[in-house]
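Given next are the chains, with one letter for each unit.
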Amino acid sequence: MRLLTHNMLSCNIKGVTNGFPLKLEADKWVTKEVDLNADFLRGIFPKIEWSALLAAARVLGFAELPEQADASMLSSDDFLRRFHHALLELHVEEGALVCPETGRKFPINKGIPNMLLHEDEV
Amino acid sequence: MVFFIIILGPRISERALELLNLPNDGVPKLLLDIGCGSGLSGETLSENGHHWIGYDISQSMLDIAVEREVEGDVLLGDMGQGLGLRPGVVDGAISISAVQWLCYADKSSHEPRMRLKAFFGSLYRCLARGARAVLQLYAENMNQSEMIMTYAMRAGFSGGVVVDWPHSSKARKEYLVLTCGPASLQTALPKGKGEDGEMCSDEDDSDDDENQTVGVYERNRPRKKLKVNKKGKSKGKQWVLKKKEQMRRKGNDVPPDSKYTARKRKAYF
């Protein structure tokens, strides 16, 4: 699971009012290089919740993202490289996503988060 | 059987992607593949340069997707529980042969209607304004089709059905094309494939015709459907008069013909 996906996921449990962001716990992660596409990064940037990306990247040991980000930074190649790396090149293989309200853990195995809700959570 | 599916797969997902009507600007989009299975349809999205998030309820299928090193992220999830995505973040969604499963109650506590509502509600919310969802379906019967359409409309979608190869029982494919937002020029649907009469016979003979119905649905204004036969003509006055005569010969009680018989009524598309 990449941090792009993590940035979009919100806890779905019945009654939870603010299930975003899910806290990231990572036991195993890898880096997989992919080509940088500036157009994609510029397009997706407005949709990214920056503080959630920042926190998740830190969990994976990547502290090169600025505390705050705004669209003017998208003209900087250096910023784009860091943004690209955090968003698309870090893959969580084993770990968990934790609901910020209930503490419920959604395990991640082989890179696949298990988001299935139990009967009483629907 | 598996071989057969692999051959058909890419063409169906290509068509679904085409129906998404994404802007042709060369910018990769973030898409959903609902019921992504082993990643066949997702590969089509990757080949076209897009990023995608896949959902499936089968761990074993997703394991295959991971083995095949698909480029999208895949999640183990039940679409009937809602997609759990933030509002307005997704540029489009496809689904190949999956959504009809929402119509079956497999667990006693999960009524199909609740699942359809959760699915379409969450899908609508996570799509950006003007984005589309294209759901290729194998609905078992009209009830299922209508139920699916009803819940899509209730969630706020406008849209309709595109049917490719309507007269071929083997090749026929139905795509539910939904747009997030009100109907507009952007939501106009293309013709289904095989609608140009290449397979039809010359005469509109009987009521055993496989009529093709084009239905366009809008959330607030249900439209009348105009029934057309294979040649694109509606069943006109001559046909009605002929039928009435047939019924009279059979001995049925048929009102007499008048100037009002089979008069043109206003038809809406």
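Going by an unreviewed UniProt entry, chain B carries the name S-adenosyl-L-methionine-dependent methyltransferases superfamily protein and comes from Rhynchospora pubera. Within the UniProt record for chain B, the comment given under Sequence similarities (unreviewed entry) is "Belongs to the class I-like SAM-binding methyltransferase superfamily. BUD23/WBSCR22 family."

As recorded in an unreviewed UniProt entry, chain A goes by the name Multifunctional methyltransferase subunit trm112-like protein, listed as coming from Rhynchospora pubera. As stated in UniProt under Sequence similarities (unreviewed entry), the record for chain A gives "Belongs to the TRM112 family." UniProt lists a comment for chain A under the heading Subunit (unreviewed entry), and it reads "Interacts with TRM9."

(A) Just the overall build of chain A, in detail. Summing up its helical and strand segments, chain A has four helices and four strands in all. Taken from the N to the C terminus, the helices and strands of chain A come in the order α-β-α-α-α-β-β-β. Taken over C-alpha atoms, the radius of gyration comes to 15 Å for chain A, in line with the 14 Å a tight globule of 122 residues would show. Overall, chain A is about 50 × 30 × 20 Å in size when its C-alpha atoms are taken along their principal axes. For chain A, the residues scored as buried account for 50% of the 122 residues in total. Of all intrachain contacts in chain A linking residues separated by at least 6 positions in sequence, the fraction that spans at least 24 positions is 68%. For chain A, the distance from the average position of its 13 positive side-chain charges to the average position of its 18 negative side-chain charges is 2 Å.

(B) Up close: the packing of helix α3 (residues 50–59) of chain A against helix α4 (residues 77–89) of chain A. Residue and element names in this part refer to chain A. Contact geometry of α3 with α4 gives a least axis separation of 10 Å together with a crossing angle of 70°. Put simply, α3 runs roughly perpendicular to α4. Contacts between α3 and α4 involve Trp50, Leu53 and Ala57 from the former and Phe79, Phe83, Ala86 and Leu87 from the latter. Here the residues of the contact of α3 with α4 are counted per class, giving seven nonpolar, no polar and no charged.

(C) Spatial organisation of the side chain of B:His51. Residue placement: B:His51 occurs in strand β2 (residues 51–56). For B:His51, a relative accessible area of 18% gives the class buried. Reaching out from B:His51, the side chain makes a polar contact with the side chain of A:Arg2 at a distance of 3.4 Å. Contact partners of B:His51, with chain neighbours within four places excluded, come to A:Arg2, A:Leu4, A:Phe40, A:Leu88, B:Lys29, B:Leu30 and B:Leu31.

(D) Representation of the interface of chain A and chain B in the model. Listed by partner, the interface residues are 28 residues for chain A and 34 residues for chain B. Summing both sides of the interface, chain A and chain B together bury roughly 2500 Å²; the carbon and sulfur share of this comes to 57%. Sorting the residues of chain A by area buried against chain B places A:Met8, A:Lys47 and A:Ile112 first, and these three jointly supply 24% of that buried surface. Linking chain A with chain B are three salt bridges. Among the ionic pairs, A:Arg2 bridges to B:Asp73, the shortest N-O distance being 3.2 Å. Scanning the region where chain A abuts chain B turns up 14 residue pairs in polar contact (both at pLDDT 80 or more). By residue number, the principal contributor to the side of chain A that touches chain B is helix α1 (residues 3–8) of chain A, which donates four residues. Looking at the side of chain A that touches chain B residue by residue, the class counts come to 15 nonpolar, seven polar and six charged.

The rules behind these values
Residues numbered from 1 in each chain as written. Chains lettered and ligands numbered in written order. Predicted model: local features only at pLDDT ≥ 70, side-chain atom pairs only at ≥ 80, totals over all residues. Heavy atoms only, no water. UniProt positions renumbered as here; feature names shortened; annotations may be inferred. Helix = DSSP H or I, 4+ residues; strand = E, 2+ residues; numbered from the N terminus. Rg over C-alpha atoms; globule rule 2.2 N^0.38 Å. Buried < 20%, exposed > 50% of the residue type's maximum accessible area, 1.4 Å probe, protein only. Contact = heavy atoms within 4.5 Å. Lys, Arg positive; Asp, Glu negative; His and termini not counted. Charge placed at Lys NZ, Arg CZ, Asp CG, Glu CD. Axes fitted to C-alpha atoms, helices over the stretch in contact; angles between N-to-C directions. Parallel < 35°, antiparallel > 145°, perpendicular 65-115°, else oblique. Nonpolar A, V, L, I, M, F, W, Y, C, P; charged D, E, K, R; others polar. Polar contact = N/O pair within 3.5 Å; in protein donor to acceptor, adjacent residues only side chain to side chain. Buried area = accessible area lost by both parts, 1.4 Å probe. Salt bridge = Lys/Arg side-chain N within 4 Å of Asp/Glu carboxyl O.

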